[in-house]
Amino acid sequence: MTIFGWGVFKGMMVTLKNFLTSYFRKPDEGGIFTVQYPEEREKELENFRNFPFLVYDGTPEKIRCVACGICERECPPKCIHIEMELDGTGKPARKPAVFDIDYSLCMNCGMCEEVCPFDSVFMDHAFEVTSETGSEGLVRHKEALLKSNEYFQKIRPALASTIDQKRKAAEEKKKATVQATPPPAAGAQAQGPQ
Amino acid sequence: MNIPLVSPAIRGIEFNADMIFVTAKAWILSLLGHFLPDWVVVLASITISGVVILCLGPVIMMYLTLLERKLIGRIQNRYGPNRVGKWGLLQPIADGIKMFTKEDIVPAKADKVVHLLAPIVIVVPALMLFLVVPFGERMTAVNLNIGILYFIAVSSITILPIFMGSWASRNKYSLLGGMRTAAQMISYEIPMTLAVVPAIMMSQSLSTNTIVMSQEGPYDMHWFIFTPWGIVGFIIFFLCATAECNRPPFDLPEAESELVAGFHTEYSGMKFALFYMAEYMNAFTLCGIATTLFLGGWQGLFFPSWLWFFGKTFVLICVMIWFRGTFPRFRVDHLMGFAWKFLLPLTLVNILLTALWQFTSNLAAWLWSILILAVSLWVLVKLNRTFIPEKRHYPLES
């Protein structure tokens, strides 16, 4: 036979234990697990993905993006807008003249990162995105989107180094093929490879 | 108070600290007495006590809300409010400013006058209760010789403004909450009053001050709670007090999961805050009276009397908050049954015990009391056991 009121007593002991342990226990041992955000932050996980950005090598002029427009087509909410840069003769310069991403539309799916064949678009870690002018200010232009490869190395080291190795290997392979077959004459190049 | 444990020097300091508020008031009055007639000094004396009580009530209420939020937070593994000021100490002020700037909404079909009056009226009995609470030695605002009777009478007025508010709101949730309040508070008034009786019997006085005095004894620890009838009476009184000020687990009048917010559904801004203020001030005074009746009031060793009183009262308030953090709400029929079928008979047994204790208070009396209590408790639990009907089976015809 249980004593009358024993359950009440047990319940009160549970809350008392919670109250007392909240002062000295660690979060994963039953203490307070609140992270007081502006002062404290959780550790950023490497695979945390937020809004996309553009990677450049060395200087902002050496942008990886070739304005192919694949990400523009694949983007589900259609938040990317790209315009190809034209050189003096009116031919495409394989460089974006305009590259806008509307952060107010972007849903952080990461499709652009997946489809980009030039390892140019990657998802950022910056999540504190604000603007003082409403949704207008959330449209990020090329200058704001461009970030160096070093930054990419810093936020997502594992992915960035594999990408770098891949790119290096591809470059060496290209160099090797270029050395094996001496460059043909200018006329031959215009005709294209047979 | 007469113990040779502490040296005279320390006793002198204790006496000064003990009488600090009394001395301050006497000093002010003597200063006024130099250039004012006697009747003005009497008026000033009343005014000083009144102003102190009128300030004490709201300030206590403000910091009780903070204490409650902090403790509940800790119970639920959160920090409570900690943004406004150090440890959130300015939070109640921020809340007050917010309440004052809010829009005051009155329902179109409401009874405007009664709707306005209810939150004003509810604060009055809550403040009036402060009059008879002995905050310390010689620190009772009005030493009424019917103090406890006054307390019971005034505290039961609280039903009326709550019902006024709920009726005037013209809202079915409000009205349901008001009905529940009336039923609950009238029911719990009876065991509460009867739980007070043993303390009155033993001190042979209705004055709160005399009840505290009668708990004087060796080492200032001759409190009523250290007797069998005292502890039972205290537990019953405390449970009824929790029910009287509509605090969880007896918060049926404002059961937010059933009746939007109960009787204060249609109140906003400062009117809502006044309901809240009355609830917290009632919680404080009820804990104060529980301290007075059973925990020896301001009796205690070494520390000043008012510190003892506030310490004991705040421990009781923390227990109320602890209740809130622990228990789910009662069901209406359980609530009523608990008052009428369990607490009421137990208080009657308790009064009998007190009468026996009056004649024989020794070890045998302790054993007899425990025996009587155990038997009556057992009988009551048996009589109150949950009725579980036999499960009926309806076999399918094949």
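Residues numbered from 1 in each chain as written. Chains lettered and ligands numbered in written order. Predicted model: local features only at pLDDT ≥ 70, side-chain atom pairs only at ≥ 80, totals over all residues.

1. Details of the overall build of chain A
Inference 1: In terms of helices and strands, chain A carries seven helices and six strands.
Inference 2: Taking 16 Å as the expected radius of gyration for a compact globule of 194 residues, we find that chain A reaches 27 Å, considerably beyond that expectation.
Inference 3: A principal-axis box enclosing the C-alpha atoms of chain A has dimensions of 100 × 45 × 30 Å.
Inference 4: Taking all 194 residues of chain A together, the buried fraction comes to 16%. (Helix = DSSP H or I, 4+ residues; strand = E, 2+ residues; numbered from the N terminus. Rg over C-alpha atoms; globule rule 2.2 N^0.38 Å. Buried ≥ 20, exposed ≤ 12 C-beta atoms within 10 Å, placed from the backbone.)

2. Considerations on the nonpolar core
Nonpolar side chains in soluble globular proteins tend to end up buried together.
Inference 1: Formed by 81 residues in total, the largest nonpolar core has its most connected members in Phe237, Cys240, Ala241, Ala283, Ala290, Leu293 and Phe294 of chain B.
Inference 2: Among the elements that line this core, the one with the most residues is helix α11 (residues 269-294) of chain B, at 15 residues.
Inference 3: Apart from the residues within four sequence positions on either side, Leu293 of chain B is in contact with Val196, Ala199, Ile211, Phe224 and Phe237 of chain B.
Inference 4: In terms of nonpolar packing, the next biggest core, distinct from the first, is built from 23 residues, Ile80, Ile101, Cys106 and Met123 of chain A among them. (Core = buried A, V, L, I, M, F, W, Y, C linked by C-beta atoms within 7 Å. Contact = placed C-beta atoms within 7 Å.)

3. Section: the sheet that holds strand β4 (residues 121-123) of chain A
Residue and element names in this part refer to chain A.
Inference 1: Taken together, the three strands give an open sheet; going across it, the order is β4-β1-β6, and neighbouring strands pair in mixed fashion. Here the strands that pair on one side only, and so sit at the sheet edges, are β4 and β6 (146-148). Sheet twist, expressed as the mean angle between neighbouring strand axes with direction ignored, is 50°.
Inference 2: Note: strand β1 (residues 52-56) against β6, three bridges, orientation parallel. When the bridges of β6 are listed, Leu54 appears paired with Leu146. (Pairing = 2+ DSSP bridges. Axes fitted to C-alpha atoms, helices over the stretch in contact; angles between N-to-C directions.)

4. Considering the confidence of the model for chain B
Residues and elements named next belong to chain B.
Inference 1: For chain B, per-residue confidence averages 84 on the pLDDT scale, and residues scoring 70 or more make up 95% of the total.
Inference 2: Across residues 1-11, confidence stays below pLDDT 50; counting only partners more than four residues off in sequence or on other chains, it has five contacts.
Inference 3: Prediction confidence for the complex, expressed as pTM and ipTM, is 0.79 and 0.74 respectively. (pLDDT = per-residue confidence, 0-100.)

5. Side note on the packing of helix α10 (residues 228-244) of chain B against helix α13 (residues 332-359) of chain B
Residues and elements named next belong to chain B.
Inference 1: Running from amino to carboxyl end, α10 crosses α13 at an angle of 150°, the nearest separation of the two axes being 9 Å. In terms of orientation, α10 and α13 fall into the roughly antiparallel class. Regarding α10 and α13, the two cross each other, and that crossing is left-handed. Note on element contacts: α13 touches α10 through Leu343, Leu346, Thr347, Asn350, Leu353, Thr354 and Trp357, opposite Pro228, Trp229, Val232, Gly233, Ile236, Leu239 and Cys240.
Inference 2: Taken together, the residues of the contact of α10 with α13 sort by class into ten nonpolar, four polar and no charged. (Parallel < 35°, antiparallel > 145°, perpendicular 65-115°, else oblique. Left-handed = near helix turned anticlockwise from the far one by under 90°. Nonpolar A, V, L, I, M, F, W, Y, C, P; charged D, E, K, R; others polar.)

6. Things to note about the confidence of the model for chain A
Inference 1: In the predicted model, chain A carries a mean pLDDT of 83, and 92% of its residues have values of at least 70.
Inference 2: Between residues 188-194 of chain A, whose pLDDT stays under 50, and residues either more than four places distant or in other chains, the model counts one contact.

7. Remarks on the interface of chain A and chain B
Inference 1: Taken together, the eleven residues of chain A in the interface contact twelve residues of chain B.
Inference 2: Of the residues assigned to the side of chain A that touches chain B, the class counts are five nonpolar, six polar and no charged.

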